[in-house]
Every structure is written in C-alpha cells, then in structure tokens.
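# Chain and residue survey
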Amino acid sequence: MNGSIDFGYPWWLSYGHLVILLPSLAVLFAAWRREWRRGWLLAFGALAAWAATSMFVTRSFNVNGRAPLPTENFLKSGVGHVLDIGAGTGRSSIMVLGARPKATLAAVDLFGDSFGHHFGSNGDPRNRLLANLKAAGVADRATIETGDMRKLPFAAESFDAIVSAYAMDHVGREGARQALAEAHRVVKPGGDFLLVLVGNDRWTKFAYGPLLTHGGTRGPAWWREEARQAGFTVEEEGSSPATIFLLLRRPG
Ligand SMILES: C[S@@+](CC[C@H](N)C(=O)[O-])C[C@H]1O[C@@H](n2cnc3c(N)ncnc32)[C@H](O)[C@@H]1O
C-alpha cells in the first residue's frame, strides 16, 4: 500500500511562529490579569499580532502541502514529456503530473548538500522522492535522474516542457544563467518552461525576516531579463504568497 506524502520541509517553515505566538499570548493574558503596565501589554500584543499574521502567511504558502499549478496555460495540450529541474522530494513533479494526467516526467536533482539542507538527511533522497511519487499515484509516469541543472545530462530538445520550482535560486547568479541556458537547450522549440521562485514579497519578509535568503535580492525583473537573454519569451507572470512564477517559452 502507498504511504502518505511527506515533502519534508522543516517544521519551522510552517509552524515556527507558534513558538512565539503561544508564549506571547500567555504573557499577554498574565499582564492583563495582573494589571501590568500598559507598555508590556502593547509590546506583547504587538509580538502576538506579528506572529499571528506570519502564521497566516505561512499557512497560505503551505509548503508541505500539494501545490496547485500556478497557471493553466502551462502545457495546455496536456500531453508530453516534462523535465522537473531540482525536483527535491517531488512537490513540483506531483504538481505537474497531478494537473496533467496524460504527461510523463523526468525528475532531476543533484541530491547533494542542498537537498540535505532543505529536507534533512534521513534516508536515501531518491527513495524519498520515489515514495512521494508513489503516494501521489504518479510514479508510473515518472523517472528519477541525478544531474546538475548547470550541465543537464540530456540531449538537446529532449523535452516538451520544463518545470522548476524554488530551485534555480540556489545556484547563484552565474549558476542561474547556466541553468536557464541549459533549460533552453533541452526543451523543444515551442516548449513551455514554468519557472517558479520564492518571491521575496513584503509578506514573506514580514514573516521570515532574514531567515529566508532564497533568491537574494533578485526579483522578477532580474529573472525576466535573464530568461530573455537565454532565448525564452515571457508569456505570463504572476505571484501568490511567497511565490513568483514566469511562464517562459522557447520560440518555435
Ligand atoms: C527548495 S528545493 C525545491 C524542491 C521542489 N522543486 C519543490 O518544489 O519542493 C530545491 C532543490 O534544488 C536542488 N538543487 C540545488 N542545486 C541543484 C543543482 N545544481 N542541480 C540540480 N538540483 C539542484 C536541491 O537538491 C533541492 O532538492
């Protein structure tokens, strides 16, 4: 029997703010009961309000839940062979295979230090990815490959479409340029590339402050320009909590 999906992102990304919210509510309650000075009430009230708002932001990001496809325009035909670059524990692969039930997919990841940094080092990374693909009921349409996004182990024009989520912002500026050029090389002319990145929007900064370093200072404009330099056209762009996406296309 297939188990349940466990994407394995650290608990604090989803629930870390509770560590501040619950004690600050308790202190707030005590301060109110014992009629402490107004300054204490205001200070702990502000802390509790920050933690509660941040919890709301992180719950709408829902990093350990299944992700919806951010645009229905990706692989609109519904058929084809898709490459997931930086597949990790499978959240982006399952997103595509779930939304496109006739597509097949190759999930590629370096399965190195960055994987351990995000998902911990319990168990073989490939087995964890495979277990999630099986739990989602899509393993029969997926293969798992080890490879570096900066030098993909695939022939030119091997894929009908590409997805990459929260991964290309891990290899620095030059690495990202190489990864975009590689994506352009391996996708067929006319093929889509759905590039999903952490959006350093004001709510994400509000909730995580300096703890979330994804993407550095690079915003959508940087990615748009680099994608164009790599040869893609930008077909669509959008955002959701903590996320930006670009729907790119290799001209046919
Ligand atoms: C934040 S995870 C994203 C995983 C998945 N796409 C998702 O949506 O949850 C980033 C992934 O990129 C992978 N990665 C980092 N550098 C890489 C590289 N140079 N080549 C391939 N994968 C890489 C990491 O191993 C990690 O699994």
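Residues numbered from 1 in each chain as written. Predicted model: local features only at pLDDT ≥ 70, side-chain atom pairs only at ≥ 80, totals over all residues.

### Quick notes on the overall build of the chain
A count of helical and extended segments in the chain gives nine helices and seven strands. Dimensions along the principal axes, computed over C-alpha positions, put the chain at roughly 70 × 45 × 30 Å. A total of 252 residues make up the chain; the buried ones form 37% of that total. Across the chain, every contact between residues at least 6 apart in sequence was considered, and the portion connecting residues at least 24 apart equals 71%. (Helix = DSSP H or I, 4+ residues; strand = E, 2+ residues; numbered from the N terminus. Buried ≥ 20, exposed ≤ 12 C-beta atoms within 10 Å, placed from the backbone. Contact = placed C-beta atoms within 7 Å.)

### Describing the site of the ligand
The immediate surroundings of the ligand are formed by 18 residues, with G86, G88, R91, F115 and A165 found nearest. The set of elements that each furnish at least two residues to the shell around the ligand consists of α4 (91-99) and α5 (113-119). No other element matches α5, which puts three residues into the shell around the ligand. Each residue belonging to the shell around the ligand can be placed in one class, and the counts come to eight nonpolar, six polar and four charged. (Near = placed C-beta within 6 Å. Nonpolar A, V, L, I, M, F, W, Y, C, P; charged D, E, K, R; others polar.)

### Remarks on the domain arrangement of the chain
Taken domain by domain, the chain consists of domain 1 (11-61) and domain 2 (79-249). For the side of domain 1 that touches domain 2, the residue count by class is two nonpolar, three polar and no charged. (Domains from an automatic or database assignment.)

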